[in-house]
Structure formats: C-alpha cells, structure tokens
Amino acid sequence: MPDHDGGWDDHQVQTGDARAVLIGSSTFDDSGLTAIPVVKRCLDDLRHVLTADGLVHPDHCAVLLDEAGLPELGRKLIAGLAGAEDLLIVYYVGHGLIGRRGELYLGMRATDVAYPEHGSLPWTTLHDRIADSPARTKIVILDCCFSGRALGETLSDPVSVVRGQLEIEGTCLLTSAQRNQVALVLPNEPHTSFTGRLLDILTNGIEGGGEFLTVDEVYRALVSRMTGAGLSTPEKLGTRTADRFRIARNAAARDTAESLEDLLEQTIALAMARGWANFRAESQDLADRHTDLLGAEHPNTLRARRIALVSRGASGDPTAAELLTELVAAHIRVLGPSHPDTLRARRSLAMAVGESGDRALAIEMLRVLLPHCRTVFGGEDDATCRTQHVLARYLAEAGARPEAVALLEEVVAIRERVWGHDYPTSRSARLDLRTLTTNG
C-alpha cells in the first residue's frame, strides 16, 4: 500500500468527479428589482465550505456572479457542469420570477421584471442541463424569490412551481421558503437568512449528530432554525436517495479515535493532492484534537503530530526540524527505533533538515535511514522508495550525479513494476530521472 505520509516527491493533482456551480445575481438593470449586496458573500462563503474539506476540489467549483448575458452564462454553466460523475451541486441566489404560464425564471442583471423571459435564466434551461449530467447525486439549492419586487431585500419561495418541473433522477432540491412566504435578508446579517443558516450548519455542525451530515439532516436543522427564528420554512424535494448524501463532516460531533483517524487520512490525501503547506492549520488542529482525546504520546497522536510538522515545514517554518527532532525521540521512546512510524518520522526529520538548507546533514541522515527502511518495509515498499527518492534528489543537488541516477533508476523500475507506469509516484520519479540525465 502506498505510503501517503509526508512525502513531497509526488506531483499529484486531484482529478475528482464532483463539481459545483454557484450562481448569483446581486445587481439588476431594471429598477424594479432590488439589489442584493450580500449575494457575493453568499457565493464566496459557500464555495469555501464546499472546498475546504475536500467535498469539491477548488478547481471544480465555479462561481458565476452577475453574468451580463445568457450566452456567456450558458458557456460557463456548461463548462462548470462538465466532468461531474459522482456529485453535482448547483446553487442559485438572487431574485426569482414567475412567467405567464407559471414557469420559473432566475433573475440576472439584464432581467426585465415585467417580462421575465427577457434576460433571465429559465429554470427549464438549468433543469435540462442538470438532467443531462451523468452525476449519480445532484443537489440543487435555490435561494430566490418570485416577485422580485417585495419591499426591501426579500426573497420568496420557488418550490411550488419547481416541484412539478424537477423530476431529475437522483436529485435533492432545497429551497428557501414555502408557498406564499418570504425569506428576508435581515439587517446586519452578512448573508440571506436561508444561506446564512445553511452555512452555519455546514460549518459548525449539529449537536448530537453523527460524524457526517446528510442533506436530509441539514434540511431538518434548517427548518428548525428558520421557523424558530420566525422566518420562512425551507422546503425539500428528493428523488431516490439523494437526500441521504453525506454533504459535510459534522463539526459538532464528538471526536473518537476512529473518527480522528479517518479525518487524518482524508487530510493527508488532500495535502498530497494540493500541497502540504496549504493544510498547516487543519493538520495542527487534528494534532491538538488527538492530544486532547488520546494523550500526547499515543501512537495515533504521534502520527498526527508528525503530519502537522510536515505541513509546518512545507510552509517554510524553520522550527519544524527542531520540533521533529523532539518528535523522533518520542517515537523511539514509545514505539521503539525500528517501528515503521519511527522510520517515517526520521524521514520527515531528514527532509525538514534538508529543506532548511543543510543538505549535507540530510544526505547523511537518509544514508543511515535507507538500509533500515529496506529491512523493516522491504525494498519495494513505498516508504523505502520515498526515502530513496529524496536521497537521490539531494545527492543530485550535491553533485553526486552517478549515485543519484542509480538510485532513481531503481526507484523508477520498482514503482512502475509495483504500482504501474501511470501512478503519480512513478511519473514523479521518471520525471526526475529524465531531468537528471538530460541535464547531465
């Protein structure tokens, strides 16, 4: 099994098959449509929530704000929906209008309030694009109004019209209010009342809930909070099992050893894909939570602390090497010098030393470590290959090209044989070898 713990030699890009398209209209040419300044923050904050824990990769979350015309919006919408296979999330915030035949239109900058079919995004158009998507689960969130002319910044319910128009297999629709209700943009609140409470639930969780939040649990919490505050009642319409989709980790759930271990694995995978330096805060939080629950020297805590220090080192913090030295000592004391986690901690320390500028010491440390890795893990294990790969890089930088080439040739052969030609670590080692031999 590949050793995804603190290596920086993998140039991985998360492909993912989840997509999100967040659409909002905050300004309008027609004076009959009230501006909604909070729309931009609704879009920005929802994007942050969806991408922060890896539900959707940041590159696959499109934000379309105040698009001037339908052709450009259409092109961006199609591009944003493309590639969704597992999950598709579509969100709209702004004014909703009802046409002469009861059809729903989503307001845009050029919308004519008297003739909503002019310059608006027809729900049927968005519906068809969503229906065309092969995504297994589709979540549609509408925070909009019909009249568009309610006093102040008011938003009212689209569900009674949309209910008969949805009919998309595997889809869950959430709306901001029921029929004949309005959902306010309350004074001094940074979001619409609906989206603000949705964001709070996704960010802070639900007390007494499980480790993950389903769409249905989020909906029920929304109903409770909205009606409890005297606001409109959200509506939900689901087909198949879409409302049971786990849309977020429950931040209010109590930590367990198992939940923390699962969260650590997820954080490692994301850090490998997006860069360790981007996960310094998350990994430190996990290390602190492990310490609180299990104690500072529990094996799981030691691993979480190491991941936090790897992220710290990747962000350029010069204290990482010193703290990793202390952590290696704790590994040796608790787990023993030949434990796999101790060897991984030693590799992390050598890398931190090397990245802090002392390549000679890092090379010496890795030369000593590599035979131990071969003994404990075996010569073809990913942990051994990572150690050998890093050593080869440092040797190449130090001018020991023949030794570096020999080490990399062995790594490439092993990785391609064990994990395949296209595996990210295989590509990374092959790229380094090609660069070294070409420049040499």
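Residues numbered from 1 in each chain as written. Predicted model: local features only at pLDDT ≥ 70, side-chain atom pairs only at ≥ 80, totals over all residues. Heavy atoms only, no water.

Caption draft 1: Broad picture of the overall build of the protein. A count of helical and extended segments in the protein gives 15 helices and 13 strands. Contacts in the protein between residues far apart in sequence, at least 24 positions, make up 70% of those at least 6 positions apart. Per element, the accessible surface of the protein, about 18,800 Å² overall, is 51% carbon and sulfur. (Helix = DSSP H or I, 4+ residues; strand = E, 2+ residues; numbered from the N terminus. Contact = heavy atoms within 4.5 Å. Areas by Shrake-Rupley, 256 points an atom, 1.4 Å probe, with all protein chains shown as cover.)

Caption draft 2: Up close: the pattern of salt bridges. Per the counting criterion, the structure on display carries 28 salt bridges. Here Glu-72 and Arg-75 are joined by a salt bridge, their closest N and O atoms 2.7 Å apart. Placement of the pair is Glu-72 and Arg-75 together in helix α2 (residues 70-81), with a separation of 3 residues, close to one helical turn. Its salt-bridge partner being Arg-303, residue Glu-265 comes within 2.6 Å of it at the nearest N-O pair. With Glu-265 in helix α7 (residues 257-274) and Arg-303 in helix α9 (residues 299-314), this pair connects stretches of sequence that are 38 residues apart. With relative accessibility at 37%, the residue Glu-265 sits in the partly exposed group. Ionic contacts of the salt-bridge type, sharing partners, join the residues Glu-67, Glu-72, Arg-75 and Lys-76 into one network. (Salt bridge = Lys/Arg side-chain N within 4 Å of Asp/Glu carboxyl O. Buried < 20%, exposed > 50% of the residue type's maximum accessible area, 1.4 Å probe, protein only.)

Caption draft 3: Structural view of the packing of helix α11 (residues 340-355) against helix α13 (residues 382-397). In contact at an axis separation of 11 Å, α11 and α13 are set at 20° when each is read in the N-to-C sense. In this view, α11 runs roughly parallel relative to α13, as classed from their interaxial angle. For the pair α11 and α13, the crossing hand works out as left-handed. Side by side, α11 and α13 meet where Arg-347, Ala-350, Met-351, Gly-354 and Glu-355 of the first sit next to Ala-383, Arg-386, Thr-387, Val-390 and Tyr-394 of the second. Looking at the contact of α11 with α13, its residues break down into 5 nonpolar, 2 polar and 3 charged. (Axes fitted to C-alpha atoms, helices over the stretch in contact; angles between N-to-C directions. Parallel < 35°, antiparallel > 145°, perpendicular 65-115°, else oblique. Left-handed = near helix turned anticlockwise from the far one by under 90°. Nonpolar A, V, L, I, M, F, W, Y, C, P; charged D, E, K, R; others polar.)

Caption draft 4: Main features of the nonpolar core. One finds Leu-22, Leu-55, Tyr-91, Ile-139, Leu-202, Val-218 and Ile-247 to be the most contacted residues of the largest nonpolar core, which totals 41 residues. Residue contacts for Leu-22: discarding those within four places in its chain leaves Leu-43, Leu-46, Arg-47, Leu-50, Cys-61, Ala-62, Val-63, Leu-64 and Tyr-91. Grouped together as the second largest cluster of nonpolar side chains are 39 residues, Val-328, Ala-345, Cys-373 and Leu-433 included. (Core = buried A, V, L, I, M, F, W, Y, C linked by side-chain atoms within 4.5 Å.)

Caption draft 5: Quick look at helix α1 (residues 39-52). Compared with the 20 Å implied by 1.5 Å per residue over 14 residues, the 20 Å span of α1 between its first and last C-alpha is a close match. Listing the buried residues of α1 in full gives Val-39, Cys-42, Leu-43, Leu-46, Val-49, Leu-50 and Thr-51. For α1, the secondary structure elements touched by its buried residues are β1 (18-24), β2 (61-65), β3 (87-94), α5 (193-204) and α7. Just beyond α1, the residue with positive phi is Gly-54, at close to 90°. (Expected span 1.5 Å × (residues − 1).)

Caption draft 6: Representation of the pairing of strand β7 (residues 137-144). Among the 8 residues that make up β7, 8 are buried, leaving the element largely enclosed by the rest of the structure. Taking every second residue as pointing to the same face, both faces of β7 are buried, with Thr-137, Ile-139, Ile-141 and Asp-143 on one and Lys-138, Val-140, Leu-142 and Cys-144 on the other. Pairing between β3 and β7: 8 bridges, direction parallel. The partner of Val-90 across the bridge, within β7, is Val-140. (Pairing = 2+ DSSP bridges.)

Caption draft 7: Layout of the packing of α13 against helix α14 (residues 401-418). Put simply, α13 and α14 touch, their axes get as near as 8 Å, and they point 150° apart. It follows from the interaxial angle that α13 and α14 lie roughly antiparallel. Crossing angle aside, the handedness with which α13 passes α14 is left-handed. In this structure, α13 contributes Asp-382, Cys-385, Arg-386, Gln-388, His-389, Leu-391, Ala-392, Leu-395 and Ala-396 to the contact, and α14 contributes Glu-403, Ala-404, Leu-407, Leu-408, Glu-410, Val-411, Ile-414 and Arg-415.

Caption draft 8: Local environment of the packing of aromatic side chains. Applying the stated criterion across every chain, the model contains 1 aromatic pair. Here the basic side chain of Arg-246 rests over the ring of Phe-212, its NZ or CZ set 3.9 Å away from the ring centre. (Phe/Tyr/Trp six-rings, centres within 6.5 Å; stacked < 30°, edge-to-face > 60°. Lys NZ or Arg CZ within 6 Å of the ring centre and 35° of its normal.)

Caption draft 9: Representation of the sheet that holds strand β4 (residues 96-98) in the model. Strand order in the open sheet formed by 3 strands is β4-β5-β6, and the pairing between neighbours is antiparallel. What marks the edges here is a single partner per strand, and that holds for β4 and β6 (121-122). Here β4 runs beside strand β5 (residues 104-106); their pairing, made up of 3 bridges, is antiparallel. Counterpart to Gly-96 in the pairing with β5 is Leu-106.

Caption draft 10: Quick look at unusual backbone geometry. One non-glycine residue, Asp-66, lies in the positive phi region at around 50°. Tracing the backbone shows Asp-66 in the loop between β2 and α2. Note on Asp-66: relative accessible area 13%, which makes it buried.

Caption draft 11: Region of the structure containing the environment of Val-140. Examined against the element boundaries, Val-140 turns out to sit in strand β7. C-alpha of Val-140 to C-alpha of Leu-237: the two residues are 97 residues apart in sequence and 9.7 Å apart in space. With residues near it in sequence (within four places) discarded, Val-140 still touches Val-90, Trp-123, Ile-130, Thr-171, Cys-172, Leu-173 and Leu-174.

Caption draft 12: Expanded view of the sheet that holds strand β12 (residues 235-238). Ordered by their spatial adjacency, 6 strands build an open sheet running β2-β1-β3-β7-β9-β12, and the pairing between neighbours is mixed. Looking along the sheet, the strands with just one partner apiece sit at the ends: β2 and β12. Within this sheet the neighbouring strands show an average axis-to-axis angle of 10°, counted without direction. Sheet topology note: the β7/strand β9 (residues 171-175) ladder contains 5 bridges and is parallel.

Caption draft 13: Examining helix α6 (residues 215-228) more closely. Taking 1.5 Å per residue as the helical rise, α6 with its 14 residues ought to reach 20 Å, and the 20 Å between its terminal C-alpha atoms agrees with that figure. Within α6, the full set of buried residues consists of Val-215, Asp-216, Val-218, Tyr-219, Ala-221, Leu-222 and Met-226. Just beyond α6, the residue with positive phi is Gly-230, at close to 75°.

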